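Single-letter residue listing:
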Amino acid sequence: MNWAWLTPLGNAVLLAPLMAAVVLVLLWRARGQRKDVLRWPLALLAAVAVVAASKIAFYGFGFGVKSWNLTGYSGHAAVALAFWPVFLMLLVPVRFITLRPLLVVAGVVLGLMVGYSRIVLGAHPPSEVLVGVILGGLVAAVGVGHLLRLELGMPVVVLLLAAMIALSLWKPEWTNMHLPSERWFARIGTELSGRDKPHRRATWLREGRPAAPNTAQPRP
């Protein structure tokens, strides 16, 4: 399986416009429940802030758990788990009571697959994907809990899906678009800590380890 195809499904650059469109539609359709609608995107923004803070703390100050090879949260895993379970649920009308939970589960599975793709592709160790999954799962729980009685409506669903398909066919390279966020986090971290260079995983893991014993036999 080509796991690289799944990674873009956790790309915030691609999901942010889609989520913005979903939230705007929900605000328009459910004017009396605007506070409930806004809790989901606000929770996601908080999760993204946590991801960013963890990366800045590592690059600048070396914060992390060496025994777990944990330097921060996987942003792709967090965003995918936060978005897809709620989005897929909203595609289904509220009257389909039994189908909606299945779509939530499908979204969770999809998010887990995105997280696993980050491990397979060498972008993150399992520990960072795990904490990203937990963080995104909490956001999804907020979204499902507060938007359970809302739906996007079939015309909106058709338009959104058509726009996604048209975009992928017209500009397939857009699926690989990403912001240079890691460089930004590294720069912010070094500026805050006063270091000349950001911490790197390989050297960070070696720091503090005892030196290998010298097993060479002394010459007579």
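Conventions adopted
Residues numbered from 1 in each chain as written. Predicted model: local features only at pLDDT ≥ 70, side-chain atom pairs only at ≥ 80, totals over all residues. Heavy atoms only, no water. Helix = DSSP H or I, 4+ residues; strand = E, 2+ residues; numbered from the N terminus. Expected span 1.5 Å × (residues − 1). Buried < 20%, exposed > 50% of the residue type's maximum accessible area, 1.4 Å probe, protein only. Arc of directions from axis to C-beta. Contact = heavy atoms within 4.5 Å. Salt bridge = Lys/Arg side-chain N within 4 Å of Asp/Glu carboxyl O. Phe/Tyr/Trp six-rings, centres within 6.5 Å; stacked < 30°, edge-to-face > 60°.

(A) Region of interest: helix H4 (residues 99-120). Its 22 residues place the ends of H4 31 Å apart at the C-alpha level, agreeing with the 32 Å of an ideal helix rising 1.5 Å per residue. Among all positions of H4, only Arg-100, Val-104, Gly-107, Leu-110, Gly-111, Val-114, Gly-115, Ser-117 and Arg-118 are buried. Buried residues of H4, viewed axially, fall in a sector of 155°; they line one side. On its buried side, H4 packs onto helix H3 (75-91) and helix H5 (126-147). Looking one or two residues past H4, Gly-122 carries a phi angle of roughly 80°, positive in sign.

(B) Representation of the pattern of salt bridges in the model. Under the criterion given, the structure shown has three salt bridges. Between Arg-39 and Asp-36 there is a salt bridge whose closest N-O contact spans 2.8 Å. Within this pair, Arg-39 and its partner Asp-36 are both found in helix H2 (residues 34-61), separated by three residues, close to a single helical turn. Given a relative accessible area of 38%, Arg-39 falls into the partly exposed group.

(C) Looking closely at the packing of aromatic side chains. Applying the stated rule across the entire model yields seven aromatic pairs. Geometrically, the ring pair formed by Phe-83 and Trp-84 is edge-to-face, given 4.9 Å between the ring centres and 85° between the ring planes. We classify Trp-84 as buried; its relative accessible area is 7%. Taken together, Trp-40, Phe-83, Trp-84 and Phe-87 form an aromatic cluster joined through their ring pairs.

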